[in-house]
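The residues making up each chain are set out below.
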Amino acid sequence: MNLVTQAMTREPYASAKRVFWIADNGSSHRGKKAADRLTAAFPNAVMVHTPVHASWPNQVEIYFSVVERKVVSPNDFTDLTEVGERLRALEDRYNASTQPFQWKFATSDLDDLLARLDRHTTDHQEESSAGPAT
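Residues numbered from 1 in each chain as written. Predicted model: local features only at pLDDT ≥ 70, side-chain atom pairs only at ≥ 80, totals over all residues. Heavy atoms only, no water.

Here we look at the packing of aromatic side chains
And step 1. With the rule as written, the count across this model stands at 1 aromatic pair.
And step 2. Centre to centre, the rings of Tyr-63 and Phe-64 are 5.3 Å apart; their planes meet at 75°, and the pair counts as edge-to-face. (Phe/Tyr/Trp six-rings, centres within 6.5 Å; stacked < 30°, edge-to-face > 60°.)

Quick word on unusual backbone geometry
And step 1. Between Glu-11 and Pro-12 the backbone carries a cis peptide bond, its omega angle lying at 5°.
And step 2. Here Pro-12 is to be found in the loop between helix 1 (2–8) and strand 1 (19–23). (Helix = DSSP H or I, 4+ residues; strand = E, 2+ residues; numbered from the N terminus.)

Here's the deal with the pairing of strand 1
And step 1. In strand 1, alternate side chains face the same way, and those of Val-19, Trp-21 and Ala-23 are buried while those of Phe-20 and Ile-22 on the opposite face are not.
And step 2. In the classification by handedness, the crossover that spans strand 1, the intervening helix 2 (residues 31–41) and the parallel strand 2 (residues 45–49) is right-handed. (Buried < 20%, exposed > 50% of the residue type's maximum accessible area, 1.4 Å probe, protein only. Right-handed = clockwise from strand over helix to strand, strands pointing away.)

Details of the pattern of salt bridges
And step 1. Applying the stated criterion to the full structure yields 1 salt bridge.
And step 2. Residue Asp-36 pairs with Lys-32 through a salt bridge whose shortest N-O separation is 3.1 Å. On the criterion of helical spacing, the pair formed by Asp-36 and Lys-32 is a turn pair, its members being 4 residues apart in helix 2.
And step 3. Look at Asp-36 and you get partly exposed, because its relative accessible area is 38%.
And step 4. What makes Lys-32 exposed here is its relative accessible area of 60%. (Salt bridge = Lys/Arg side-chain N within 4 Å of Asp/Glu carboxyl O.)

Quick word on helix 4 (residues 80–97)
And step 1. Compared with the 26 Å implied by 1.5 Å per residue over 18 residues, the 26 Å span of helix 4 between its first and last C-alpha is a close match.
And step 2. For helix 4, the full list of buried residues reads Val-83, Gly-84 and Leu-90. Seen end-on, helix 4 carries its buried residues on one side only, within an arc spanning 120°. Facing away from the buried side of helix 4 by over 90 degrees, the exposed positions are Asp-92, Ala-96 and Ser-97. (Expected span 1.5 Å × (residues − 1). Arc of directions from axis to C-beta.)

Digging into a nonpolar patch on the surface
And step 1. Among the surface-exposed residues, Phe-101, Trp-103, Phe-105, Leu-110, Leu-114 and Leu-117 lie close enough to one another that they form a single nonpolar patch of about 690 Å² accessible area.
And step 2. Inspection of the secondary structure assignment puts Leu-117 in helix 5 (residues 107–130).
And step 3. Given a relative accessible area of 43%, Leu-117 falls into the partly exposed group. (Patch = residues over 30% accessible without salt bridge, like charges linked within 9 Å, V, L, I, M, F, W, Y side chains within 5 Å. Areas by Shrake-Rupley, 256 points an atom, 1.4 Å probe, with all protein chains shown as cover.)

Examining the nonpolar core
And step 1. Counting 11 residues, the largest nonpolar core consists of Val-4, Met-8, Val-19, Trp-21, Ala-23, Ala-34, Ala-35, Leu-38, Phe-42, Ala-45 and Met-47.
And step 2. Of all the secondary-structure elements, those providing two or more residues to this core are helix 1, strand 1, helix 2 and strand 2.
And step 3. With residues near it in sequence (within four places) discarded, Leu-38 still touches Met-1, Val-4, Trp-21, Ala-45, Val-46 and Met-47. (Core = buried A, V, L, I, M, F, W, Y, C linked by side-chain atoms within 4.5 Å. Contact = heavy atoms within 4.5 Å.)

So, the side chain of Asn-44
And step 1. Of note, Asn-44 is situated in the loop between helix 2 and strand 2.
And step 2. Of the residues examined, Asn-44 reaches a relative accessible area of 14% and is grouped as buried.
And step 3. For Asn-44, the side chain forms a polar contact with the main-chain oxygen of Ala-16, separated by 2.9 Å.
And step 4. Look past the residues within four positions of Asn-44 in its chain and what remains in contact with it is Met-8, Tyr-13, Ala-14, Ala-16, Lys-17, Arg-18 and Val-19. (Polar contact = N/O pair within 3.5 Å; in protein donor to acceptor, adjacent residues only side chain to side chain.)

Focus: helix 2
And step 1. All of the buried residues in helix 2 are Ala-34, Ala-35 and Leu-38. Summarising the axial view, the buried residues of helix 2 lie within an arc of 100°, below the 170-degree limit, and thus occupy one face. Structural note: helix 2 exposes Lys-32, Lys-33 and Ala-40 on the side pointing more than 90 degrees away from its buried face.
And step 2. Residues of helix 2 that are buried make contact with helix 1, strand 1 and strand 2.

Spelled out as structure tokens, the structure:
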């Protein structure tokens, strides 16, 4: 909250209609309680959580999972130098083969998804309110 306070008490944030704070799902700012605390302190602040699979801790876990599966298993090293060499080889291999991706989920895709969800919800509400046929 110290960083938030520093920003939110200065212009242009102090008088902005809304200020979005993007947060991962870390323990200090997880869930509705954290969002409510932020809004209580600064009514124009809106906390937006990243998807769990996109959080920084999750990305670290994915990386170490790859290291565990592709580098340190099986555990057949003669010394730490060999471990370091294998880790550097993995880094070189990934750096040579990775490519940035183009995000293709546009606002129109989001609108379509929300409309489908609304239809789905409405359909299920109608089914449950109709009751069993006699």
